[in-house]
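Next come the chains, spelled out residue by residue.
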Amino acid sequence: MKAFRYSVCVLLFVSILAPAFSLSFGKIRGDDYWYVLRQAENAFAANDYGRALSLAEEAKEKKKLVADWEKIALDETQRSSKVRKVGDYLDELLPVLKERNYDNAVYVINRKLDLYGPAHFHGKFSELKAWVEKDYLYPEADFLIGKIYKLEGEFDLSGEYLNRAYDNIDRLDVKDVKFDILYELADLADYREDGPAYEQKLTAILANDRLYTDDGFMRALVRLINSGKAANGSESPDKAVEKFFLLYRSDNDISIRALEKLSVYYEGIGQTEKALRCAALGSVAAVTKIEDILKDRMIDYSYTSFVDLLKRASGYSDIIDWGNDNNIWELFFTLAKVSRSYGQTQFAGALFAILAQYEPEDYWKLRATSELAAR
């Protein structure tokens, strides 16, 4: 309540004095709302959800206070007829604002230009001002609040906040947070057993994955899996598996979880080719990520085989944990399983054999062993 009264008093004070004075409230200019949100995220990580929720709401209030101050700073410039006569283009307007000591407006404009670039506002003061008028929106805070409500089983409230965060992703300070929001929305759809929404959110994550959207590349992945048939004169299944992991790379590790989830989803609804495509690309991206980690840690490491990569990965507990957290070991298993469902039994058998011996996680190693025994 004290914070609220303080905010109101500051705004009234600023509103009254704005015509006569250049605003210079350093604290309002600051990004202390970010600090409060960091505290909220720390509380969330410590499972203190009540404190996290309170701090996230406080961060939103502080963000609004800053946005109100910025709006006042810009509005103040329009009291001058000489400023209005200059026109709407920022490159012509800024020198005049500096000359007439509208320091706060100059600060706000330059800050927005640094964050978003002149093209975002088409170089116009009116568009920048319109943006500032809605700058009270704080998608990062809404995202955190949505996660809290989801954990508490308040799915309707969670969806409200998560969707609000996604609707305002253009205001995210860290643009890649949009993928985290989409993953949370996908999980929420999964809880609600809303298959179409689940698929839509996951495919939205993959929309910027150039390999996923390249139909020719995705068909090439499937063709290589199809080549693992020793009986028809093609190369042996073992060589096909190794060739598959040797030939292709994908450095889009953001896509891995979405591809894994979609492969399981598509298999469950009988869309086997889609499931195979997702499992194949996801596995390639996972191998690329593990290879990059090993290169960072091992002098002169270079990829030689899938078997060698799994053996080396097994020596690092954090790689194993990362694989568990992102369902990587299950993803390799799913690739073998879906390959078999697609009719590529020899490729699947060869991959299961590798996983049964070298999979870093014992559970999926045993699952692969069971699949081999059931053949």
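Criteria and cut-off values
- What you see as residue numbers is a count from 1 along each chain, following the sequence as written.
- Totals for whole chains, interfaces and linings use all residues, but because this is a predicted model, local features are given only for residues with pLDDT of at least 70 and pairs of side-chain atoms are given and counted only at 80 or more.
- As a rule here, side-chain values come from all non-hydrogen atoms in the structure, and water together with hydrogens is ignored.
- Scored between 0 and 100, pLDDT is the confidence that the predictor attaches to each residue.
- Any two residues whose heavy atoms approach within 4.5 Å are treated as being in contact.
- Pairing of aromatic rings covers Phe, Tyr and the six-membered ring of Trp, with a centre-to-centre limit of 6.5 Å; geometry is then stacked below 30 degrees between planes, edge-to-face above 60, and tilted otherwise.
- Helix numbers and strand numbers start at the N terminus; a helix is a DSSP run of H or I with at least 4 residues, a strand a run of E with at least 2.
- Type-normalised accessible area, obtained with a 1.4 Å probe on protein chains alone, sets the label of each residue: buried when under 20%, exposed when over 50%, and partly exposed for intermediate values.
- Definition used: whenever NZ (Lys) or CZ (Arg) falls within 6 Å of the ring centre and also within 35 degrees of the ring normal, the charge is taken to sit over that ring.
- The salt bridge criterion pairs a side-chain nitrogen of Lys or Arg with a carboxyl oxygen of Asp or Glu, the two atoms within 4 Å.
- Residue count minus one, scaled by 1.5 Å, sets the expected span of a helix.
- All axes are obtained by fitting lines to C-alpha atoms, using only the stretch in contact for helices, and the reported angles, taken between N-to-C directions, cover 0 to 180 degrees.
- What makes a crossing left-handed is the near helix being turned counterclockwise from the far one by less than a right angle; a clockwise turn instead makes it right-handed.
- Note on residue categories: nonpolar means Ala, Val, Leu, Ile, Met, Phe, Trp, Tyr, Cys or Pro, charged means Asp, Glu, Lys or Arg, and polar means any other residue, Gly included.

A.B. asks: Explain the confidence of the model for the protein to me, please; I cannot follow it from the model alone.
C.D. replies: For residues with low pLDDT, the predicted coordinates do not support detailed interpretation. Averaged over every residue, the pLDDT of the protein is 90; the share at 70 or more is 89%. The low-confidence segment residues 1–27, where pLDDT is below 50, has 27 contacts with residues more than four positions distant or belonging to other chains.

A.B. asks: Explain the packing of aromatic side chains to me, please; I cannot follow it from the model alone.
C.D. replies: Aromatic rings considered in pairs are described by the distance between their centres and by the relative angle of their planes. The tally for this structure, following the rule as stated, stands at 22 aromatic pairs. Here the aromatic rings of Phe-121 and Trp-131 are separated by 6.2 Å at their centres, their planes lie at 75 degrees, and the arrangement is edge-to-face. Here Trp-131 lies in helix α8 (residues 125–133) and Phe-121 lies in the loop between α7 (103–116) and α8, a separation of ten residues in the sequence. This pair shows no difference in class: Phe-121 is buried, exactly as Trp-131 is. With centroids separated by 5.6 Å and ring planes inclined at 20 degrees, the aromatic side chains of Phe-155 and Tyr-191 adopt a geometry described as stacked. Taken together, the residues Phe-155 in helix α10 (residues 155–167) and Tyr-191 in helix α11 (residues 177–191) connect sequence positions 36 residues apart. In this structure an aromatic cluster arises from ring pairing among Phe-217, Phe-244, Phe-245, Tyr-248, Phe-306, Trp-329, Phe-332 and Phe-347. Residue placement shows Arg-171 over the ring face of Trp-131; its charged tip is 3.7 Å from the ring centre. Here the guanidinium or amino end of Arg-257 rests over the ring plane of Tyr-183, the centre of that ring lying 3.8 Å away.

A.B. asks: Please clarify how the pattern of salt bridges should be interpreted in this entry.
C.D. replies: Side chains carrying opposite charge are able to pair once their charged atoms draw close together. Tallied over the full model, the rule gives 25 salt bridges. Of the charged contacts in the structure, one is a salt bridge between Asp-75 and Lys-129, with a shortest N-O distance of 3.1 Å. Note that Asp-75 is positioned in helix α4 (residues 49–77) and Lys-129 in helix α8, a separation of 54 residues in sequence. Residue classification places Lys-129 among the buried residues on the basis of a relative accessible area of 17%. Linked through salt bridges whose partners overlap, the residues forming this network are Lys-63, Glu-70, Arg-111, Lys-112, Asp-135 and Arg-171.

A.B. asks: What is the right way to look at helix α15 (residues 256–268) in this model?
C.D. replies: Each turn of an α-helix holds 3.6 residues, which means side chains three or four residues apart point in the same direction. The end-to-end C-alpha distance of α15, which contains 13 residues, comes to 19 Å, matching closely the 18 Å that a straight helix rising 1.5 Å per residue would cover. Those residues of α15 lying buried are Ile-256, Ala-258, Leu-259, Glu-260, Lys-261, Leu-262, Ser-263, Tyr-265 and Tyr-266. The inward-facing, buried residues of α15 abut α11, α12 (195–205), α16 (272–297), α18 (317–325) and α19 (328–341).

A.B. asks: Which parts of the structure should I look at to understand the packing of α15 against α19?
C.D. replies: Two numbers describe a pair of packed helices, the interaxial angle and the distance between the axes. Across the interface, α15 lies against α19 with an axial gap of 10 Å and an inter-helix angle of 35 degrees. Judged by the sense of rotation from one axis to the other, the crossing of α15 with α19 is left-handed. Here Ile-256, Glu-260, Ser-263, Val-264 and Glu-267 of α15 lie close against α19, whose contacting residues are Ile-328, Glu-330, Leu-331, Thr-334, Lys-337, Val-338 and Ser-341. Residue composition of the contact of α15 with α19, grouped by class: five nonpolar, three polar and four charged.

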